[in-house]
Each structure stands twice: as structure tokens, then as C-alpha cells.
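Below are the chains, spelled out letter by letter.
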Amino acid sequence: RGSRACGLAGAARINVPMRGRYIVSSVAQSQRKETTDMSRLSRLTTVLTTMLLLLVISLSASPEQDVRSAVLHYRQALIKKDLAALEQIWTDDYISINAHGLIRTKAERLADLKSGVTAVESIRHEGEIAVKIHGDVAIVTSQITLAGRYNGKEVSGDFRSTHIWKNDKGHWQLLMNQLTAIAKD
């Protein structure tokens, strides 16, 4: 009743009753089990690797999406008067044509924001932000509803916004932007 399998060399099978059950022992069976376990592990590894690759691909944004994110980050920095962020967002030769048609440089825009002469209270997006990529340059157009002040003059209403962004080693920077008021019918 308490007998066990004896260790025999080769692929011999020994069926030995043990507490009402039969124990099957063989070297071949042990090898088949190891092969099956390795096969399962290999399939699991393949499935997990494929899933990880698909996850990485799905998380990596397209250049268009990267630019859209940069635009949203830029607009939030304007509202918050985040001068450090704007310093990084705007290129050194950045130019802005504001809602009043005035041309402003990076230094002038930073000074205007710092002094409070320019303040953006809100920017609401009306529809999709359109992005066209041309090599390392992106042209962005959108429609916004803006409320704030540019150079001490109140600005509010609907505008077409045009941006030109450049990709500098994977980092999008704003070269130029222009606001154009949309005429009311």
C-alpha cells in the first residue's frame, strides 16, 4: 500500500499503487513535461513581447499629435503667465502678430506678459486643431475664442490662429504665430 516507484534507467515505466492511486514514472514522460513547459514558456514570452510592442506603438504619438500637445501646452503657459515655459517654447527669433496687428518679438512678448500689459484670461478651442507637417516644420491652424488684453487693449472674440512650429531634436518650438479676427455677419 505504501510502495513507491523505483528508479530505473531509460524510459521504462513502472506503475506502482500508492494509497489507492497509480504513479506513473518514466524518464521519457519527464522529458516530455519539460519540453511542454518550455513550449508554453516560449509561447507566453512571445505573447507578452507582442503585447508590449503593441503597447509601445500605441503610446508613441504621431508628430501631428506631438504638435497638438505643444500647442495646448503653449496656450496654457500663456494663460498662466508661465514665463519660464514660454522662454523654452518660443524660438529666439520668434515673432507674433497679435489680434491688433502689432508685430512683437520674443523679448517684447515676455516683457509685456511680465508687466501685465498683455494678459490672456481664456482660450477656448472651437473645433479641431489642424496640423500639417513639412519635414521639421509644422503649420497649425485653429479657431479659438479668446479673452484678454494685448498691449493694454482689450481683446475678446473669435479668431483664426496660425502657428509655425519647428522641430529641434525632437522638441517642438514656436517660430511664429498670428491671430486674425473672424468678422461677425
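Computed from a predicted structure; not experimentally measured. (Residues numbered from 1 in each chain as written. Predicted model: local features only at pLDDT ≥ 70, side-chain atom pairs only at ≥ 80, totals over all residues. Heavy atoms only, no water.)

**Looking at the pattern of salt bridges**
Taken as a whole, this structure holds 5 salt bridges when the rule is applied. Two residues, D112 and R104, come together in a salt bridge whose shortest N-O distance is 2.7 Å. A residue is classified by how much of its surface remains accessible, and D112, at 9% relative accessible area, is buried. Residue R124 is joined to E126 by a salt bridge in which the shortest nitrogen-to-oxygen separation is 2.7 Å. Residues joined in a network through salt bridges with shared partners are E87, D92 and K106. (Salt bridge = Lys/Arg side-chain N within 4 Å of Asp/Glu carboxyl O. Buried < 20%, exposed > 50% of the residue type's maximum accessible area, 1.4 Å probe, protein only.)

**Considerations on the nonpolar core**
By size, the foremost hydrophobic cluster in this structure holds 28 residues, and its most contacted members are Y74, L86, I89, W90, L146 and W165. Those elements giving two or more residues to this core turn out to be helix 2 (63-80), helix 3 (83-89), strand 3 (90-97), helix 4 (106-115), strand 5 (119-125), strand 7 (137-150), strand 8 (153-168) and strand 9 (171-181). The element that contributes the greatest number of residues to this core is helix 2, accounting for 6 residues. The contact partners of L86, leaving out residues within four places of it in the chain, are Y74, A77, L78, L110 and L113. (Core = buried A, V, L, I, M, F, W, Y, C linked by side-chain atoms within 4.5 Å. Helix = DSSP H or I, 4+ residues; strand = E, 2+ residues; numbered from the N terminus. Contact = heavy atoms within 4.5 Å.)

**Topic: the packing of aromatic side chains**
Enumeration according to the criterion identifies 3 aromatic pairs in this entry. Residues Y74 and W165 carry aromatic rings whose centres are separated by 6.3 Å and whose planes lie at 80° to one another, so their mutual orientation is edge-to-face. A residue pair is termed long-range when its members are at least 10 positions apart, and Y74 in helix 2 and W165 in strand 8 qualify at 91 residues. In this structure, Y74 and W165 share a single accessibility class: buried. Each residue in the set Y74, W90, Y94 and W165 is aromatic and connected to the rest through ring pairs, giving one cluster. (Phe/Tyr/Trp six-rings, centres within 6.5 Å; stacked < 30°, edge-to-face > 60°.)

**Notes on empty space enclosed by the protein**
Across all of its chains, the model carries 1 cavity of 30 Å³ or more by this definition. Of the voids in this model, the largest cavity is the one considered here, and its volume is about 70 Å³. In terms of lining residues, the largest cavity is bounded by Y74, R75, L78, R109, I123, I144, L146, Y150, S161, H163, N177 and L179. If you list the elements that add at least two residues to the lining of the largest cavity, you get helix 2, strand 7, strand 8 and strand 9. Its residues placed into classes, the lining of the largest cavity shows 7 nonpolar, 3 polar and 2 charged. (1 Å grid on protein atoms, 1.4 Å probe; cavity = no way out; pocket = protein on both sides within 12 Å on 5 of 7 lines; lining within 4 Å. Points joined across faces, edges and corners; volume = space filled by probe spheres on them. Nonpolar A, V, L, I, M, F, W, Y, C, P; charged D, E, K, R; others polar.)

**A word on the pairing of strand 6 (residues 130-134)**
The pairing of strand 6 with strand 7 spans 5 bridges and is classified as antiparallel. Counterpart to I133 in the pairing with strand 7 is A138. Hairpin connection of strand 6 to strand 7: 2 residues between the antiparallel strands, including G135 at a positive phi of 70°. (Pairing = 2+ DSSP bridges.)

Remember that the coordinates give geometry; whether it matters functionally is a separate question.
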